[in-house]
Amino acid sequence: MAHVDIVLNDARSFLSEQPEKLQEKVNQIHEMIHNKTGLGNDFLGWLDLPSNYDKDEFNRVLQAAERIRETSEVLVVIGIGGSYLGAKAGLEFLKVPFEEKTLEIVFAGHHMSGSYLKHLTSYLKDKSFSINVISKSGTTTEPAIAFRVLKDLLIAKVGEKEAKTRIYATTDKQRGALYTLSKAEGYEMFVIPDDVGGRFSVLTPVGLLPLAADGLDVKAMLKGAKDAEDRFSNPNLEENEAYLYAATRYLLYKQGYKIEMLVGYEPNLLFLNEWWKQLYGESEGKDHKGLFVASAGFSTDLHSLGQYIQDGERHLFETVIQVESTDQDTIIPETKDDLDQLNYLAGKTLSYVNKQALKGTMMAHKDGLVPNMLLSIPSFDSYTFGYLVYFFEKACAMSAYLIDVNPFNQPGVEAYKKNMFALLGKKGYENILK
């Protein structure tokens, strides 16, 4: 039985060809993925990761997470892109609003704001903290700068010897600047697998260490991902919801819909959206192809973007995530005067109202010629997060291969860096701007 259900009722009527007609092509790409014969096939380590992860390293992750909770009030996770978005998505997906925890997790190195980093260092001066620095190379500008600053602060607070026990490096298994430094200083190290790209690395130590440090059930995440791996090993579109999603968005793209919006009606989904945007933007956006991926949080953004979605240019479609149940709810009270004219809702739950908003919005957007896909998940729990991560990863590989691009490289990411390095005066880049 599907743990992520997909409903295409509000998309099929827009399609001149139904996704099931793509079954033969989907079969061919499925074989290419699983036989590792397609473009970028040396980065398919995520494919069987839920059933083939390093059990000994996973146990070390759990032990390190426990030590972090015992020794620190704050864990600073340093990374950018796939080195931070997956963990942040999981933390927010499973967050209980306003819950106080003994360990606070904050992020650094995901942008170049001097103000943010200065405020962070001031905040940490009175806190006991540990660092998890995540970088394949150790030379990526944003996290490398943050690590320099925060490492010096940690040493100043606790001394070099103690600092070494509070720095955890997630990096390459045998090379790179961070690997070399970690070996020399004796930091505990975790591996970013060679065959897993950053945006597919949530279920490696990249994401698992911060998530485990927060006390989340990472074993359940891997179980959810393993069950998704098993379900999506069959390419039949009647049984493979990930491929059905990929095939539908491909057909909409071929018919001129150039923007996909991932929409959620719960704030816990906002950073899942951010992770999803990197996953699909970096995987598909090359060779002048690919959907532009955007996101929205409804009903909030219905009061800002809603007008454009309803009546603007007809070049977008929506993928809506519906959460069947949440852990808590609010019953709407009755008032004597009914000045706000809401007594007709008295006794109903706010989640009920939220679901009617979702249904009503999908109906309105369909009437406004905006195709909609509905992804339904049962709840916010660790198992579902792991399952959903694998769902989007498997669909992403299929989606990129359908438009005939390499899902696992990102050649365009380096373009801005060359100009930045030249402007900063880095050796070897002197002639870039001439």
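Use the structure listed above.
Residues numbered from 1 in each chain as written. Predicted model: local features only at pLDDT ≥ 70, side-chain atom pairs only at ≥ 80, totals over all residues. Heavy atoms only, no water.

A. The arrangement of the overall build of the protein chain in detail. Check the secondary structure of the protein chain and you find 16 helices and ten strands. Taking 2.2 N^0.38 as the reference for a compact globule, 434 residues should give roughly 22 Å; the C-alpha atoms of the protein chain span a radius of gyration of 23 Å, in line with that estimate. Across its three principal directions, the C-alpha atoms of the protein chain cover 65 × 65 × 50 Å. Residues classed as buried in the protein chain amount to 51% of the 434 residues present. For the protein chain, restricting intrachain contacts to residue pairs at least 6 apart in sequence, the fraction spanning at least 24 positions comes to 79%. With the model as given, the accessible surface of the protein chain reaches about 20,200 Å², and the carbon-plus-sulfur share is 52%. Within the protein chain, one finds 47 positive and 59 negative side-chain charges whose respective centroids are separated by 7 Å. (Helix = DSSP H or I, 4+ residues; strand = E, 2+ residues; numbered from the N terminus. Rg over C-alpha atoms; globule rule 2.2 N^0.38 Å. Buried < 20%, exposed > 50% of the residue type's maximum accessible area, 1.4 Å probe, protein only. Contact = heavy atoms within 4.5 Å. Areas by Shrake-Rupley, 256 points an atom, 1.4 Å probe, with all protein chains shown as cover. Lys, Arg positive; Asp, Glu negative; His and termini not counted. Charge placed at Lys NZ, Arg CZ, Asp CG, Glu CD.)

B. Structural context of the sheet that holds strand 9 (residues 316-323). Read from one edge of the open sheet, five strands run 1-10-9-7-8, paired in mixed fashion. Each edge of the open sheet is held by one strand with a lone partner, namely strand 1 (5-7) and strand 8 (292-297). In this sheet, neighbouring strand axes are inclined to one another by 20° on average, regardless of whether the strands run parallel or antiparallel. Pairing between strand 7 (residues 259-264) and strand 9: six bridges, direction parallel. (Pairing = 2+ DSSP bridges. Axes fitted to C-alpha atoms, helices over the stretch in contact; angles between N-to-C directions.)

C. Up close: the sheet that holds strand 2 (residues 74-78). Across the sheet, five strands lie side by side as 3-2-4-5-6; this open sheet has parallel pairing. Of all strands in the sheet, those bounded by a partner on one side alone are strand 3 (104-108) and strand 6 (188-191). For this sheet, the mean inter-axis angle between neighbouring strands, taken without regard to orientation, is 20°. Where strand 5 (residues 167-171) and strand 6 come together, four bridges link them in parallel fashion. Opposite threonine 170, over in strand 6, you have phenylalanine 190 as the bridge partner. Strand contacts of helix 6 (residues 114-124): strand 2, strand 3 and strand 4 (129-134), with the helix running at about 150° to strand 3, the strand carrying the most contacts. Across the face of the sheet, helix 8 (residues 177-185) comes into contact with strand 4, strand 5 and strand 6 while running at roughly 145° to strand 5.

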